[in-house]
Amino acid sequence: MPSEKILNSKKEQVAALKEKISASIAGVVVDYKGISVADDTKLRRELREAGVEYAVVKNSILRFAVADTDYAGLSKVFEGTTAVAISSEDPIAAAKILNKYAEASKGTFSIKAGYMEGKVMEAAEVADLAKLPSKEGLLSMLCSALSGNLRGLAVALNALAEKKAEEAA
């Protein structure tokens, strides 16, 4: 049986992880088996630059951290080598970066599951989320669509005004 000191340390880990997961917008759970040290360092740097916290966590600690939360369904994927990426700013940053590494690794590094805004997602849903454009890209697309419609409206109104001016003259 573990000593009380070790038990308290683990309880603190669970509480801290539970708080991080609850406060986050989204997260991705991966199987990091087969990733080289160089690739892992590169992956961690890219995630850190995107504002994503990435850590290898024991499955038992993850199970306790998501118990009694909206993400309790994640417990079924906490087997084998497990790492979690937690994003508190951009909901698709972790999915994009980790999906890119999963596709490049050809099966050794893989996405197990994910979560976003209270909903647990399967690996396929995380991959679909990763294919979405970034927030800035979506806003840019929206602005171009709106400006295109406004420009068309302005041209039509101008043509109508010119036609009325010709009829009046």
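Quantities reported herein were computed from a predicted structural model and do not represent experimental measurements.

Draft legend 1. Fine view of the side chain of asparagine 99. Residue position: asparagine 99 is located in helix 4 (residues 93-105). Using a relative accessible area of 9% as the deciding quantity, one classes asparagine 99 as buried. The contacts of asparagine 99, once residues within four sequence positions are left out, are Ile111, Ala127 and Ala130.

Draft legend 2. Just the pairing of strand 4 (residues 110-116), in detail. Within strand 4, five of the seven residues are buried, which leaves it mostly tucked inside the rest of the structure. With six bridges joining them, strand 1 (residues 26-31) and strand 4 adopt antiparallel strand pairing. Each residue of the ladder has a partner; that of valine 28, found in strand 4, is glycine 114. Sheet topology places strand 4 next to strand 5 (residues 119-122); four bridges connect them, and they run antiparallel. Each residue of the ladder has a partner; that of alanine 113, found in strand 5, is glutamate 122. The hairpin formed by strand 4 and strand 5 contains two residues between the paired strands, and glutamate 117 there has a positive phi angle of roughly 45°.

Draft legend 3. Representation of the side chain of aspartate 31 in the model. Relative to the helices and strands, aspartate 31 is located in strand 1. Apart from residues no more than four positions distant in its own chain, aspartate 31 is found in contact with Thr81, Thr108, Phe109, Ser110 and Lys112.

Draft legend 4. How the structure looks around helix 2 (residues 37-49). Across its 13 residues, helix 2 extends 18 Å between first and last C-alpha, which sits within 8% of the 18 Å expected from 1.5 Å per residue. Regarding helix 2, the residues found buried are Asp40, Leu43 and Leu47. When helix 2 is viewed along its axis, its buried side chains cluster within an angular range of 65° and face the same direction. Turned more than 90 degrees off the buried face of helix 2, the exposed positions are Ala38, Arg48 and Glu49. Buried residues along helix 2 sit in contact with strand 2 (52-56) and helix 4. Just past helix 2, the residue glycine 51 takes up positive phi, approximately 80°.

Reading the values: the criteria
- Residues numbered from 1 in each chain as written.
- Predicted model: local features only at pLDDT ≥ 70, side-chain atom pairs only at ≥ 80, totals over all residues.
- Heavy atoms only, no water.
- Helix = DSSP H or I, 4+ residues; strand = E, 2+ residues; numbered from the N terminus.
- Buried < 20%, exposed > 50% of the residue type's maximum accessible area, 1.4 Å probe, protein only.
- Contact = heavy atoms within 4.5 Å.
- Pairing = 2+ DSSP bridges.
- Expected span 1.5 Å × (residues − 1).
- Arc of directions from axis to C-beta.

By themselves these figures say nothing about function.
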